[in-house]
Every structure is written in structure tokens, then in C-alpha cells.
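As a plain string of letters, each chain reads:
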Amino acid sequence: MAPAANDNADRNVAIDQSLRDALLHFAEHGLDAANDAARKASDAAGAGSDDEYRHWIGICGKLDGRLANQVASRGKTAEDLLIG
């Protein structure tokens, strides 16, 4: 008999760490999570911390791709782009 289609017991399932980080950030910050991540990305960019910038822009991108693209491509600060 064939195993169930959703039986993952024999498979190594790769977990997207950036998605996990984004979900945890959303759990902590709610609907403001993307804006908070954008602010942190902008702060990291201003401080010259490339690794931290990539971390936060990745989280922002998972939560709000448009905002992350605006922060990344236009070089504007997050405060210039935030709604509300």
C-alpha cells in the first residue's frame, strides 16, 4: 500500500528561515510588523550594517514586498514610505 500523500516522515523538509523570522516578527508587532522591519532595515543601511540590513529587508519583503522594494530600490527612509 502506498503511503499517504501528505506523509512527510521520510523527507527532510527545508524550512525557510526568513519566513519563520517574518512570522515571529509579525506575532510580536502585529500589523505594524512590515513597517517596523522597514525602519530597522533603513537604520541598518544607515549604519552600514549589510548583514543586518539584508535580514530586516528580507523580513519586510516577506510581510510587504512592495514596501521592501521601495526601501531597497529608492533609498528612501522607511519613515518616508510608511502609511499612517
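No experiment lies behind these values; they were computed from the predicted model shown. (Residues numbered from 1 in each chain as written. Predicted model: local features only at pLDDT ≥ 70, side-chain atom pairs only at ≥ 80, totals over all residues. Heavy atoms only, no water.)

**Student:** Mind showing me how you'd approach the packing of helix H1 (residues 17-29) against helix H3 (residues 50-63) here?
**Tutor:** Axis angle and axis distance: for two packed helices, these are the angle between their axes and the distance between the axes, and together they describe the pair. Where H1 meets H3, the closest approach of the two axes is 9 Å, and the angle between their N-to-C directions is 75°. As the angle between them shows, H1 and H3 are arranged roughly perpendicular. Residues Ser18, Leu19, Asp21, Ala22, His25 and Phe26 of H1 form the contact with H3, whose own contacting residues are His55, Trp56, Ile59, Lys62 and Leu63. (Axes fitted to C-alpha atoms, helices over the stretch in contact; angles between N-to-C directions. Helix = DSSP H or I, 4+ residues; strand = E, 2+ residues; numbered from the N terminus. Parallel < 35°, antiparallel > 145°, perpendicular 65-115°, else oblique. Contact = heavy atoms within 4.5 Å.)

**Student:** Can you walk me through helix H2 (residues 33-47) in this structure?
**Tutor:** Three- or four-residue spacings in an α-helix give side chains the same orientation, since the helix completes a turn every 3.6 residues. The first and last C-alpha atoms of H2 sit 21 Å apart over 15 residues, in line with the 21 Å expected at 1.5 Å per residue. Inspection of H2 places Ala33, Ala34, Asn35, Asp36, Ala37, Ala38, Ala41, Ser42 and Ala44 among the buried residues, and these make up the whole buried set. Taken from the residues just after H2, Gly48 is the one with a positive phi, measuring 75°. (Expected span 1.5 Å × (residues − 1). Buried < 20%, exposed > 50% of the residue type's maximum accessible area, 1.4 Å probe, protein only.)

These results come straight from atomic positions and should not be treated as a statement about function.
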